[in-house]
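Overview (structure and organization)
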Amino acid sequence: MQGNSSREEKYEVTVNEDSNGKVTVAPALPTDEKAPKGQELTITATANTGYKVDTWTVTPHSALQSGGKAGSNVAVVKISADTTVNVTFKPVGGTPSTPPSGDVGSFEDTGDGFIKISPPAAGITGKDPTYTLPGTGEEYWKGVFRAGRKVKLSPYKLGKTEVPYKLWKEVYDWATQPANGYKFANAGVKGKDGSGTEEEPVTSVSWRDCIVWCNAYTHKTNNAESECVYRKKDDHTVVLKDATDGDACDNASADMRKKGYRLPTEAEWEYAARWQGSDNTNAEQYGEVWLTKLNSASGAKDKWDTAETGEVAWYRANSDNKTHPVGEKRSNALGLSDMSGNVWEWCLDWYGNIEAGDGTDPQGAASGNYRVKRGGSWVSRAVLCVVGKRDSGNPVSSNGILGFRVACRP
């Protein structure tokens, strides 16, 4: 008799709860926390005394079969990809539907080239703009904080500038030594075409190059791989080191519990580009916090078709057809430079539609063909540098208008 040699397809299942309750999974997950494709799991949430279930977040959302609504105690998910379930609890007396008075979030310059960003604990409740957007009807002008959507972001750190070539090359040279074993599809260049200075952003690097470089930066900084974020999808003990392995990179698992360097999520990027705290200049209010209007560059005091864009961004009208050293333009309210203009910046997420509903630390679509890029570049018209403009690129793309900045856990 010929045996069945096919290998059962399994996916990792991660279930998280906050400290005010616990969850159980039936049938129980094995020690490797993987479930076979098609398996239905019943997840039961039990709140501690004085608390009740608040929200459920299931990624990908298509895995949710039943339950999982705000306040419910049970959710049934069907496994067809790596799946994450987050459950939060709240006091029985309830919590405010909007951030408490004065909760506009905060930030801190940590002195290491990063800004620590602490968004409002109650999240950002999306809304439709009350002003004119550059385009009429297209969804890609509206950013990620949409009406019908509430986003909670955990504290994170974001680089004050785009990654300059000098830092890229330092890590690249270390990473490509045989003893360290990293491999890149592109070596990166100084500025738009290699003719720039070491202080200009690195360009001509693909999304795949960037995630492998982030792992190398983490490895070099920590003298160990243990905190590297990007891992092989079907074996999270394997750190991704080869940007020429397209399948492994495009299907990478991002372990956001690690403290290593990574690309920001699109929601993290946009929040950082728009945050103004209590300053209502050229901003709209989302709960208690004011965010820069979608039709303006990051840090600008007026919309895109005014002189303000040139105060904060290198773009087609003022760049002299080239990139510029990072950090030269006026920074935004958080102290971040070049969030608009100079080079487009890769984000973690697959590009896809923005769905309504509540979410904690969303990472975009579950799959796709293109990765998110934000912010515009030295060759972009002013209108493409606005904080609401969503754009995308093939993860293998590399050119003189594409760079990145890094994020990490505090």
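Computed from a prediction, not measured in an experiment: that's the story for all the values here.

A tally of regular secondary structure across the protein gives 5 helices and 26 strands. The C-alpha radius of gyration of the protein comes to 22 Å, within 12% of the 22 Å expected for a compact globule of 410 residues. Overall, the protein is about 65 × 55 × 40 Å in size when its C-alpha atoms are taken along their principal axes. The buried share of the protein, taken over its 410 residues, is 49%. Considering only contacts in the protein between residues 6 or more positions apart, those separated by 24 or more positions represent 68%. Of the roughly 17800 Å² of accessible surface on the protein, 45% is carried by carbon and sulfur atoms.

Turning next to the sheet that holds strand S7 (residues 74–78). Taken together, 4 strands build an open sheet; the order of strands is S2-S4-S7-S6 and the sheet is antiparallel. Two strands bound the open sheet, and with one partner strand each, they are strand S2 (21–26) and strand S6 (64–67). Across the sheet, the mean angle from the axis of one strand to that of its neighbour is 20 degrees, orientation sign disregarded. Relative to S7, S6 is paired through 3 bridges, and the arrangement is antiparallel. Each residue of the ladder has a partner; that of Gly-67, found in S7, is Ala-75.

Our focus in this paragraph is the packing of aromatic side chains. All chains considered together, the criterion is met by 12 aromatic pairs. Look at Tyr-140 and Trp-141: their rings are 5.5 Å apart centre to centre, the planes differ by 50 degrees, and that puts the pair in the tilted class. Judged by its relative accessible area of 32%, Tyr-140 is partly exposed. Pairing Trp-168 with Tyr-172 gives two aromatic rings, centres 6.1 Å apart and planes at 25 degrees, and the pair type is stacked. Within this pair, Trp-168 and its partner Tyr-172 are both found in helix H1 (residues 165–175), separated by 4 residues, close to a single helical turn. Residue classification places Tyr-172 among the buried positions, given a relative accessible area of 17%. Taken together, the ring pairs connect Phe-114, Trp-168, Tyr-172, Phe-184, Trp-213, Tyr-217, Tyr-261 and Phe-404 into an aromatic cluster.

What follows covers the confidence of the model for the protein. Summary statistics for the protein give a mean pLDDT of 92 and a share of 96% for residues scoring 70 or more. Segment residues 94–100: pLDDT under 50, and 10 contacts once partners within four positions in sequence are set aside and those in other chains are kept.

Turning our eyes to something else, we now look at the sheet that holds strand S12 (residues 149–152). The strand order S11-S12-S22 describes an open sheet built from 3 strands, whose pairing is mixed. Both outer strands of the open sheet, strand S11 (124–125) and strand S22 (357–360), are each paired with one neighbouring strand and no more. Examined bridge by bridge, S11 and S12 share 2 bridges and lie antiparallel to one another. Residue pairing across strands places Thr-125 opposite Lys-150, the latter belonging to S12.

Ranked by internal contacts, the top residues of the largest apolar core, which has 37 residues, are Trp-168, Tyr-182, Trp-213, Leu-263 and Phe-404. Elements represented by at least two residues in this core include exactly H1, helix H2 (207–222), helix H3 (246–250) and strand S21 (344–350). When residues in this core are grouped by element, the largest group, 8 residues, is from H2. Contacts of Tyr-182, omitting those with residues within four sequence positions, involve Trp-174, Ala-175, Thr-176, Val-212, Asn-215, Ala-216, His-219, Cys-228, Val-239, Leu-240 and Lys-241.

Attention shifts here to the pattern of salt bridges. Close approach of charged atoms allows side chains with opposite charge to pair. Within this structure, the stated rule accounts for 18 salt bridges. Arg-257 is the salt-bridge partner of Asp-255, the closest N and O atoms lying 3.0 Å from each other. Here Arg-257 falls in the exposed class, since its relative accessible area comes to 53%. For the salt bridge of Arg-262 with Glu-268, the shortest nitrogen-to-oxygen distance reads 2.9 Å. Accessibility assignment for this pair places Arg-262 and Glu-268 in one class, buried. Overlapping salt bridges bring together Glu-266, Glu-270, Arg-274, Arg-374 and Arg-390 as one network.

Cis rather than trans, the peptide bond between Ala-26 and Pro-27 has omega equal to -10 degrees. Tracing the chain through its elements places Pro-27 in the loop between S2 and strand S3 (34–36). Positive phi values are uncommon outside glycine, yet Asn-282 reaches one of about 50 degrees. Among the secondary structure elements, Asn-282 is positioned in the loop between helix H4 (266–274) and strand S19 (283–286).

Right, let's get into the environment of Ile-401. Mapped onto the elements of the fold, Ile-401 is located in the loop between strand S24 (390–393) and strand S25 (402–403). When near neighbours in sequence (up to four residues on either side) are disregarded, Ile-401 contacts Val-343, Trp-344, Ser-377, Trp-378 and Val-379.

About the criteria used
- Just so you know, the residues in each chain are numbered from 1, in the order the chain's sequence is written.
- Local features in a predicted model are, by the rule used here, given only for residues with pLDDT of at least 70; side-chain atom pairs are given and counted only at 80 or more, and totals for whole chains, interfaces and linings are based on all residues.
- By convention in this description, side-chain values take in all heavy atoms of the structure and omit both hydrogens and water.
- To qualify as a helix, a DSSP run of H or I must reach at least 4 residues; to qualify as a strand, a run of E must reach at least 2; elements of each kind are numbered from the N terminus.
- Only C-alpha atoms enter the radius of gyration, while the globule expectation follows 2.2 Å times N to the 0.38, with N the number of residues.
- Burial here depends on accessible area, computed with a 1.4 Å probe over protein chains only, as a share of the maximum for the residue type. Under 20% is buried, over 50% is exposed, and the range in between is partly exposed.
- Any two residues whose heavy atoms approach within 4.5 Å are treated as being in contact.
- To measure how exposed things are, a 1.4 Å probe is used in the Shrake-Rupley method; for residues, cover is taken only from the protein chains shown.
- The pairing criterion for strands is at least two bridges between them, as found by DSSP.
- Orientation is described by axes fitted as lines to C-alpha atoms, over the contacting stretch for helices, and by angles from 0 to 180 degrees between their N-to-C directions.
- A pair of aromatic rings is counted whenever rings of Phe, Tyr or Trp (Trp by its six-membered ring) have centres within 6.5 Å, and the orientation is called stacked for planes under 30 degrees apart, edge-to-face for over 60 and tilted otherwise.
- Per-residue confidence from the predictor is given as pLDDT, running between 0 and 100.
- By nonpolar core is meant a set of buried Ala, Val, Leu, Ile, Met, Phe, Trp, Tyr and Cys residues that side-chain atoms within 4.5 Å join together.
- Salt bridges are counted wherever a side-chain nitrogen of Lys or Arg sits within 4 Å of a carboxyl oxygen of Asp or Glu.

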